[in-house]
Each structure stands twice: as C-alpha cells, then as structure tokens.
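# Secondary and tertiary structure notes
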Amino acid sequence: MGRFGTWTVAFVAAAVLAAGSFVPAQAAPVQAVPAQAVPGQAVPVRGPAALVIAPEDQGADRKGIRFATYNASLNRANPGDLIRDLADPSDAQAKAVAQVVQAAQPDVLLLNEFDYDARHEAAELFRTNYLGVSQQGQAPADYPYIYTAPSNTGVPSGFDLNNDGSVGGPEDSYGYGTFEGQYGMVVYSKYPIDEAGVRTFQNFRWSDMPDARLPVDPVVRDAGWFSADELATVRLSSKSHWDVPVTVGSRTVHVLVSHPTPPTFDGTEDRNGKRNFDEIRLWADYIQGGETARYIYDDDGRFGGLGRGERFVILGDQNSDPRDGDSLRGSIDQLLESRLVQDPAPSADGAAEASALQGAANAGHRGDPRHDTADFEDQGVGNLRVDYVLPSRTLKVLGSGIYWPKVGTPGSELTGIFPFPTSDHRLVSVDVSLRNQ
Ligand SMILES: [Ca+2]
Ligand SMILES: [Ca+2]
Ligand SMILES: [Ca+2]
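Residues numbered from 1 in each chain as written. Chains lettered and ligands numbered in written order. Predicted model: local features only at pLDDT ≥ 70, side-chain atom pairs only at ≥ 80, totals over all residues.

Looking now at unusual backbone geometry. The residue after Phe418, namely Pro419, is reached through a cis peptide bond having omega -5°. Relative to the helices and strands, Pro419 is located in the loop between α9 (412-415) and β11 (428-433). Its identity as a non-glycine residue notwithstanding, Glu113 has a phi of 55°, on the positive side. Topologically, Glu113 is positioned in strand β2 (residues 108-114). One non-glycine residue, Asn163, lies in the positive phi region at around 55°. Along the chain, the position of Asn163 falls in the loop between β3 (145-148) and β4 (185-189). (Helix = DSSP H or I, 4+ residues; strand = E, 2+ residues; numbered from the N terminus.)

Now the structure itself:
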C-alpha cells in the first residue's frame, strides 16, 4: 500500500465514491425479464485491426477472435438518464468510449458499468447511435448480437446489510446501486449468441457456497455480520454472473462475465473484500465443474458447472490486483493460478508511463505497472490490474493488449487523466484461435 495507511486509503476511497467515479455495483430485484440475444445477419467479414493496441499485433494481419472487457463507466445518476444520453448520438463520453471500441474492434465485448434497463434500450441505442457510427474516422463496430440481463445493483434487500441501524439505500441493496440496474453490464458480439444456452447466477445465495467467506461481526464475539434471516436472502453476485455461450462455426465458447464488488467501502469486517473473493471463486469453481461445481445453481434452478474440456473466456472487471490494492490475498489468483486458465498478461507502455508520472501509491506497488488496467486515485490505492480476459487452456492465445497509449500518441486523448474522457478503466483484449489446440 506504499506510504499511505489504511485509514488514509479508506478516507480517500470514500471521497472518490462521493465524487461518483469509482463505485461498486449491487443487486436489483429479480424480475423475469428475458435475457436477450438479438438475432442478426451473417457474421461480418473483418479486415485487419483498425489500430494497433499491442506490440505483438504490429504489422500482423490479425486472425483469430478478439475478446475484450471494458469497464466503460457508462453509468448515470438516475434511471433513464443513460437512455436519454444515448438517444442523442452526441454524448461526448459515449462517443469516446465507442471510439476506443472501434479502435480495438473486439469480436466479443463485455461492457461493465452500463446501466441496465428492462427494455434494453440503452444497449440498443449504444449499438446503433455510437458503435455502429464512425467515430473520428474509425471503422464502425457492428454487433449483430447483444446479451444483457438484470443486475442485483440497486435492488432493495429489505434488510440492514451494512449494519448502520437503518434499512434502505444503496448499501442495503443486493448490490451497491442507487437504482435498480445501475452499474449493470452488456455483452456485444459479432458471433451468434446461443440464447437458449445462457445461464445466469443473479440469485445464487452467498451462504449456499460451501465454506463461504462470510463476514463476522468485528465487535460481538462469534456473531456473524449478517443475521440468519439476512443470510437466507443475501446474494453472492454484486451485479450478476452470466455464462453466455457464443457460437463460432461448429464450436462454442462460454463467455463468463461478472463484475465483483470492489473490496473497499466497508469496515474492519471487510464484507466487500470477502464478497469479492467469493464472487471470483464462483467462476473458479464453475470452470472446474464436476464435484467442485456441484453446489452452484443458476437462476433456472439447474446445478453444476462446465463440462470437462469446454472452451471458455472469463471477462470482467474483477476488482482484484494480484499484488497490490485492497482485495484479499489470493482473490484473483483463484483464476490466474487455475490449471484450466491461461493468463496472457496483457501490457501497455502507457500503463507503465502513467504509474511513473503519477507516483504516490504507485511508487510503492509490487506489481509491474505495465499490466495496470485502471487509473485509480494515487493518494489511495493507485493504478491497478483489475480488468481481465482469461481464456481456457483449450484455446490458443495469439496476442493481447491494453488500450493505454502513451501521452501524446494517437488515442491518448481518449484515456486521458482524471476527469477521464472515457473511464478510469482501460479496454483489455486477448486474441485467441479455436484451432491447433
Ligand atoms: Ca443500512
Ligand atoms: Ca474492505
Ligand atoms: Ca492514478
């Protein structure tokens, strides 16, 4: 944590939260809103990458399939605000986010922090008014297929989950949010989504995970943070966890998306740190399958995880850095060190440059700043690696990148410094081949 103590970090984090930049999402009431895969035409033919984002891509005629994750900060203060902003194609932030996506041209893209609405209007408007329209000369990014679904954020639990003596507000929701669906997520794909095969884990109860790291009361000996009644309803996923099968020719790739809570914004009980650990664990157990995943049930009541040898790519802002930051030790290692997962460890010169220029907490970090994916407050945790694209070992990795250009180079105007023109996070991508492995 460098030269800043825990108290200082917590204080700064709270200030940042109040400013509305780095905020976790949480649960919304579960409605039976159907998950949506939008049928489209044939898979578009793609040319070479429009912009080089990784050294290994340079000069190469890119092949394979590009998976990307991007916490786009396309969240707003009130329900309907994002729809209003995206209905007009001139929102400066949305245009900049779309330009980053167009520069990277992912085939399958997860956007975190994208406010959910039941009619999927925001997801559709971003596709038609922004991604599908050339931004600053970039080729449009056409996505015939969309998947989105409800999020636990802003869904009232009816309990005092943060134990502040009153019921209500974002911290007593199933996931942090001031309205239902705030900080949700959406998947865009150039390949067909097997809608019937999608599994969601929005309702899975935290206490149904064996040996869950449930928080304990820091004051009352042998007491849990949550009451028995609360444990019977508290959900594990702070947004949702989705297994979205994408069809590539005759093959299927399970796209496993989520957005675990930041480990901060809590007290010494560390309820968010523990939740972050277990949210990451859900996928670690899910990909293991068999007996390990036997306890996992989806929102349709089906139990179990992936079958042996299934292809998958894990996407998302996991809110956990392997070396630095406030997450529990070993949180992200549950995935990075899984024998079923490969870590392409994307890097960017711009990330290393930002760490050196911004200093403060960054100077005390143990992790290599080239792998950072988020530009956080340097008087707090500093820049971290939190956004991941993690393919199964059954896929062949061809390259990877982080969209973080060095200062003064093309695209750096899209990443910028606080207040960011796009997001405090960077787009992370990995190219894989489904052949030869
Ligand atoms: Ca409360
Ligand atoms: Ca914590
Ligand atoms: Ca920073």
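Structure's up, so let's keep going.
Taken in spatial order, the six strands make up an open sheet running β3-β4-β2-β1-β11-β10, and their pairing is mixed. Single-partner strands in this sheet number two, and they are β3 and β10 (396-402). Across this sheet, the average inter-strand angle for adjacent strands is 15°, counted without regard to direction. The sheet strands contacting helix α4 (residues 121-131) are β2, β3 and β4, and the helix crosses β3 at an angle near 150°. (Pairing = 2+ DSSP bridges. Axes fitted to C-alpha atoms, helices over the stretch in contact; angles between N-to-C directions. Contact = placed C-beta atoms within 7 Å.)

Here we take up helix α6 (residues 271-288). Taking 1.5 Å per residue as the helical rise, α6 with its 18 residues ought to reach 26 Å, and the 26 Å between its terminal C-alpha atoms agrees with that figure. With 17 of 18 residues buried, α6 is to be regarded as a mostly interior element. The positive-phi residue at the C-terminal boundary of α6 is Gly289, with phi of around 65°. (Expected span 1.5 Å × (residues − 1). Buried ≥ 20, exposed ≤ 12 C-beta atoms within 10 Å, placed from the backbone.)

This paragraph deals with the pairing of strand β1 (residues 65-74). Of all 10 residues that make up β1, 10 are buried, and the element is covered over most of its length. In terms of strand pairing, β1 meets β11 through five bridges, oriented antiparallel. Across the sheet, the residue bridging to Ile65 is Val432, located in β11.

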